[in-house]
Amino acid sequence: MTRLPCRPLAALFTCCFLAACSEPPAIVIDDAGSQEDGGSNAGDAGSGSPFAVIASGALDFGPGDCGGLAAASKTLTLSNQGSGALTWTAAVSGEAFTLDAASGTVAAGAQATLTITPPAISGSAAAGSLHTGTLTVSTNDEAHASVSVPLKVTASGGTLTLSPSTATFGIIPVGTAAPTVDLTLTNTGNAAVSVVVAAPADAQFGVSWTGAPSATSVAPGASLSGLKASFTPTGIAPGDTSAAVQVTGALCGGAAPSLRLTGRGASGVVALPTDVSFGAGGLVPCGTQANALSFTITNSGNAPFSWTGQLARGLASPFTVTPQSGTVPANGGQATLTLTTTAIPATAPTSLDFFGDVFTVSTDVPGDSPHAVTLHQTAQGAVLSFSPGTVDFGGVPVNTTASAPFSLVNTGTGDAHVAFSLTNAKFSATPAGPTLVAAGQSLSATATFAPGLSVTQASDTATPTVSSGDVLCAPLPSALTLSGIGTNGSVSYSPVALDFGKVNCGSTAAPKNVVFTNSGNQDYTVSASLGLDGGSPFTFAMNPASGLVAAQGGTLTVTVTPKAIPQTTPTTDNLFGDTLSVSSTVAGDSPHLIPLRQTAQGSIFSVSTGSIAFGTVVVGQTGGFQYSVTNSGNAAGTLKFQPTNAVFTMPSALVVAGGTSSSPTAQFAPTAAQPYSDTATVSAPSTVLCQPLPLTSMSLSGTGTTASLVAVSASSLTFGANGLVDCGTTAAAKTVAVTSSAASSMSLAYTLAGGAASPYTVSGPATVAAGATVTVTVTPKAIPSTSSVAPDAFADTLTIAATNATVNETHTVALHETAQGAILSFNPTSLAFTAHPAQSQSKSFVVSNAGNLSAAYTLTVGGTNANNFSVTPTSGTASAGGGATETATFSPPLAQGLGSRSASVALSTSAVRCAPLPSALGLSGTAN
């Protein structure tokens, strides 16, 4: 083999592999691990000289992950095939390759290993880029001092590009899904990476792709399949958010791209008042007309909306509203509505908001519930009546004065300044006036009778007058009738009436006394009887029992002892009253009628429902259910509702005044997504009850859910005026809105708890589309002419079930309706009298009203002997849940002689009634 002159060590790397060198080389690079000249290196080197062989060529470290750890290290073997010691040094140049050692000595026939570690590749490096260096090894081989070994490592990883980098949706109606934006995420690197696109921070935006939400591998040169951005605005504020691309694997060329998403919702925002009051705080004097008023509907949103309005009372409403529909521009636009009312009649009911209404505004704003504007208007004025309507002083000794109390009651809404006008100087009334009788209050007055020296029958009337400027909502009552007779020291008694007041049910009032005095000069005896005889709620005893009242100041005491008031009884005014009739042996002395007044006192509760179903409520939120509690008694009482499960809360001390209703709210606040049920105990601590509690427990149920997809605009509907509907009429229908935020259409089903017997019908669509709102109409049936007036006797519960493949929700709406009208009766239903011809006997009776609406009535005496009987007064008003006391008198004419008489008293009224008029009150009398 011919040797080539390859002295320079740099050339030796090449030439020693092509042909034999002309001189023995000092360093041989041997990729095969053997000498190229085919002979012994030691022989060639000569005695005592080193001969170096590097057993490798160029070093390629392969791929290195961008932004990751360095590629694996590699080694070079340096052999000394000479006869002398080989000393060496090594260094690297170019990029940051490193060596484990920089120098050393290799004995003859031995070898050394050099370890080279490549540099870590920066995450910003381009995929496929080369990172190179050079290893230079120098030895003590003088002829060939050094050799260079090329080093390289290749950047490896994915490089991601996103197009477009921003998904711009523009302005989209609230609740409407915008068209999706297609996105392309491409890997332009030289290695596959696994990617996940994170959900945007703003939930209005979304990102989806084929395979979501799992990680997806993207090969070099490939793109992520089906990547789309979406936007469904929930409000009108601008949305600007981002979605990060999360990468598993090496990434070259810098960080992963981030997707920016922008868009804005468009919607109107409705604002209007909830109450409008006419007159002064809702009060308009009878006989006047309130000024027209206006209010505005304001749109603070960024899109116009249309609206329509409707009066709840329709054509029967005292109001007109103009306009009743229109459009409100965006960004602070307004619509002004003008409300005009009719005049309040000079004679008008004064119940709260009797002349009011509700104007409901509905808009086309997505998800917007109807807005109820309550129009308040109540007739203002006084409504006056006497209690009692007559005062009979009986016999009063000459030169003495007798007195008796009476009241002037103002059941109206306006004050009155009252004075009394009398013509007979023997009678007077105090206070003389004008005296204020405030709205809803009574004036306690006193009538006096001073017969002077006269012993003849005297009578007068106390006619009420009111001051100029006072407004009345009903005619002034008939004058108070006063009568009495002067006696020459014969029969007198005090007091002229016994009022035992209101007595708790189940208890007994203390006895009271009437003392008869004889200031005359002759003894007389008395006898007494009770108008209801054995059925009377009283007993009496006389002391002395003989009935003797001695002359010259002798006295006799009649002790009237009440019987126990039953534990269960109505609280009708004076239901446990009677009349004590006392007759004397004094010639010409008529029987003395002493009214005995007594009323049962306590609470009579009714509750509108015995069970409450809250339906579905989102965990962390609170659902409410309003029910009603009515106390038809005449004393305040306390009800306690006590659930056992803390997710349900109810009033623990609900105080309801007599004759009023309260609308408490039960609440359900689930803590987990599961069904709940409970039983709340119902009790009435420290309360006098005149009827047993209608229920002692109430069942509660509800279901907690992580998210409610259906919203119902109202949890309860109250029909008529404040829940009251006249018997024989039909209340206007009402609606609730059902709004779905589900992703797909839902089926709707409606159930009334009363079934076919329910006092309502319901109609509505069978489905609600995703994101849509539908209207459900509840229509009351007619209230029968003869009906119970118990609170919420015509109530029911509407259940709305909304279902699809993944959702099953129920929502309940309480329906409240109470029949309104008077229920009149006579108590007692017949009266029997005994009197001498040309004399008279009187007895009292009550026109009772078990209904919930006051009734003005007229009494007419008829029959064969109608001229023997009379009633006073012939007209009156029976208050709701109460009554009015009347007096019937039997006066047989002398010309008709002795014998039996009969007649009847018929009652007529124009008031709304919930029961037929009572049969005529029977009157029978015996002239003896």
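Residues numbered from 1 in each chain as written. Predicted model: local features only at pLDDT ≥ 70, side-chain atom pairs only at ≥ 80, totals over all residues. Heavy atoms only, no water.

Undergrad: Quick question: what am I supposed to make of the overall build of the protein here?
TA: Helix and strand counts for the protein stand at two helices and 82 strands. The C-alpha radius of gyration of the protein comes to 53 Å, more than 25% above the 30 Å expected for a compact globule of 928 residues. Expressed as a percentage of the 928 residues in the protein, the buried residues total 43%. Accessible surface, the protein as shown: approximately 39,700 Å² in total, 54% of it carbon and sulfur. (Helix = DSSP H or I, 4+ residues; strand = E, 2+ residues; numbered from the N terminus. Rg over C-alpha atoms; globule rule 2.2 N^0.38 Å. Buried < 20%, exposed > 50% of the residue type's maximum accessible area, 1.4 Å probe, protein only. Areas by Shrake-Rupley, 256 points an atom, 1.4 Å probe, with all protein chains shown as cover.)

Undergrad: Even after reading the chapter, I still don't get the environment of Gln380, so can you show me in this structure?
TA: Within the fold, Gln380 resides in strand 33 (residues 378-380). Residue Gln380 is classed as partly exposed on the basis of its relative accessible area of 24%. Between the C-alpha atoms of Gln380 and Gly412, which are 32 residues apart in sequence, the distance is 7.3 Å.

Undergrad: Would you take a moment to explain the packing of aromatic side chains for this structure?
TA: The description of an aromatic ring pair rests on the distance of the ring centres and on the angle between the ring planes. All chains considered together, the criterion is met by 25 aromatic pairs. Their ring planes at 40° and their centres at 6.2 Å tell us that Phe833 and Phe890 sit as a pair that is tilted. Placement of Phe833 in strand 75 (residues 830-835) and of Phe890 in strand 80 (residues 883-890) is noted, with a sequence separation of 57 residues between them. Both residues of the pair, Phe833 and Phe890, belong to the buried class. Here the aromatic residues Phe614, Phe625, Phe648, Phe668 and Tyr676 are joined through ring pairs into a cluster of three or more. One residue, Lys512, lies across the ring of Phe500, its end atom 5.9 Å from the ring centre. Across the ring face of Phe719, the terminal group of Lys734 is positioned such that the distance to the ring centre comes to 6.0 Å. (Phe/Tyr/Trp six-rings, centres within 6.5 Å; stacked < 30°, edge-to-face > 60°. Lys NZ or Arg CZ within 6 Å of the ring centre and 35° of its normal.)

Undergrad: Looking at this structure, I do not really get the sheet that holds strand 68 (residues 760-763). What am I missing?
TA: Two pairing modes exist for strands in a sheet, parallel and antiparallel, and in both the strands are linked by backbone hydrogen bonds. Read across the open sheet, the four strands follow the order 63-66-70-68; overall the sheet is antiparallel. At either end of the open sheet lies a strand with only one pairing partner, and these are strand 63 (710-712) and strand 68. Across the sheet, the axes of successive neighbouring strands diverge by a mean angle of 20°, strand direction being ignored. Across three bridges, the pairing between strand 63 and strand 66 (residues 734-740) is antiparallel. Paired with Val712 across the two strands is Val738, which belongs to strand 66. (Pairing = 2+ DSSP bridges. Axes fitted to C-alpha atoms, helices over the stretch in contact; angles between N-to-C directions.)

Undergrad: For this particular structure, what's the right way to read the nonpolar core?
TA: Soluble, globular proteins show a tendency: their nonpolar side chains are buried together. Ranked by internal contacts, the top residues of the largest apolar core, which has 52 residues, are Phe393, Phe406, Phe420 and Phe516. Ignoring any residue separated from it by four or fewer positions in sequence, one finds Phe406 in contact with Phe386, Ser387, Pro388, Val391, Phe420, Ala429, Leu443, Ser444, Ala445, Thr446, Ala447 and Leu480. (Core = buried A, V, L, I, M, F, W, Y, C linked by side-chain atoms within 4.5 Å. Contact = heavy atoms within 4.5 Å.)

Undergrad: How do you make sense of the pattern of salt bridges when you look at a structure like this?
TA: A side chain with one charge may pair with a side chain of the opposite charge, provided their charged atoms come close. For the structure shown, the criterion picks out four salt bridges. We note a salt bridge from Asp240 to Arg260, for which the minimum N-O separation is 2.6 Å. Within this pair, whereas Asp240 is found in strand 21 (residues 238-248), its partner Arg260 is found in strand 22 (residues 258-266), the two being separated by 20 residues in sequence. (Salt bridge = Lys/Arg side-chain N within 4 Å of Asp/Glu carboxyl O.)

Undergrad: How do you make sense of the sheet that holds strand 5 (residues 59-65) when you look at a structure like this?
TA: The five strands are arranged 5-12-11-7-9 in an open sheet whose pairing can be described as mixed. Two strands in the sheet have a free side with no partner beyond their single neighbour: strand 5 and strand 9 (103-106). Here the strands of the sheet are splayed against their neighbours by 25° on average, with no regard to which way each runs. Two elements, strand 7 (residues 86-94) and strand 9, share four bridges in a ladder whose sense is antiparallel. Its bridge partner being in strand 9, Leu86 is matched across the sheet by Val106.

Undergrad: Even after reading the chapter, I still don't get unusual backbone geometry, so can you show me in this structure?
TA: Negative phi is the rule for most residues except glycine; trans is the rule for most peptide bonds. With omega at -10°, the peptide bond leading from Ser163 into Pro164 counts as cis. As for its placement among the helices and strands, Pro164 is situated in the loop between strand 13 (160-163) and strand 14 (166-173). Here the residue pair Thr322 and Pro323 is connected by a cis peptide bond, since its omega of -10° sits within 30 degrees of zero. The phi dihedral of Asn331 falls on the positive side, at around 55°, and the residue is not glycine. Examined against the element boundaries, Asn331 turns out to sit in the loop between strand 29 (325-328) and strand 30 (333-341). Phi angles above zero are rare outside glycine, and Gln552 is one such case at about 55°. Position of Gln552 relative to the elements: it lies in the loop between strand 48 (548-549) and strand 49 (554-562).

Undergrad: Looking at this model, I keep getting lost on the layout of surface pockets. Mind explaining?
TA: A water-sized probe rolled over the atoms picks out the places where empty space is left. The calculated volume of the second largest pocket comes to roughly 400 Å³. Sorting the residues of the lining of the second largest pocket by element identifies strand 63 and strand 66 as the ones contributing at least two each. The residue makeup of the lining of the second largest pocket, split by class, is nine nonpolar, 10 polar and no charged. (1 Å grid on protein atoms, 1.4 Å probe; cavity = no way out; pocket = protein on both sides within 12 Å on 5 of 7 lines; lining within 4 Å. Points joined across faces, edges and corners; volume = space filled by probe spheres on them. Nonpolar A, V, L, I, M, F, W, Y, C, P; charged D, E, K, R; others polar.)

Undergrad: I tried to follow the pairing of strand 45 (residues 512-518) on my own but got confused; where do I start?
TA: Remember that side chains alternate between the two faces of the sheet whenever the strand is regular. Sheet analysis places strand 43 (residues 491-494) next to strand 45, joined by four bridges and oriented antiparallel. In the sheet register, Ser492 faces strand 45, and the bridge partner there is Thr517.

Undergrad: Is there a simple way to explain the environment of Ser603 in this structure?
TA: In this structure, Ser603 sits in the loop between strand 51 (592-601) and strand 52 (605-607). For the pair Ser603 and Asn504, spaced 99 residues apart in sequence, the C-alpha to C-alpha distance is 9.4 Å. Polar contacts involving the side chain of Ser603 include one to the main-chain amide nitrogen of Gly637, which spans 3.3 Å. (Polar contact = N/O pair within 3.5 Å; in protein donor to acceptor, adjacent residues only side chain to side chain.)

Undergrad: It is not clear to me how the side chain of Ser842 should be interpreted in this structure. Could you clarify?
TA: For Ser842, the position within the fold is in strand 76 (residues 841-849). Separated by 2.7 Å, the side chains of Ser842 and Thr889 make a polar contact. Residues within four places of Ser842 in sequence aside, it is in contact with Leu593, Phe833, Thr887, Ala888 and Thr889.

Undergrad: Explanation requested: the environment of Thr166 in the structure shown.
TA: On the secondary structure map, Thr166 appears in strand 14. Sequence separation between Thr166 and Asn631 is 465 residues; the distance between their C-alpha atoms is 66 Å. Here Thr166 is in contact with Leu259 and Arg260, once residues within four sequence places are set aside.

Undergrad: I would appreciate a short explanation of the side chain of His811 in the present structure.
TA: As for its position among the elements, His811 is in strand 72 (residues 808-816). Residue classification places His811 among the buried residues on the basis of a relative accessible area of 10%. Within the structure, His811 has its side chain in polar contact with the backbone oxygen of Val710 (distance 3.3 Å). Every residue in contact with His811, bar those within four places of it in the chain, is listed here: Thr616, Ser708, Val710, Val712, Leu798, Thr799 and Ile800.

Undergrad: Can you walk me through the confidence of the model for the protein in this structure?
TA: It should be kept in mind that the predicted coordinates are not to be read in detail where pLDDT is low. When pLDDT is averaged along the protein, the result is 89, and 94% of the positions lie at 70 or above. For the stretch residues 1-46, pLDDT sits under 50, and the model shows 88 contacts to residues farther than four places along the chain or on other chains. (pLDDT = per-residue confidence, 0-100.)

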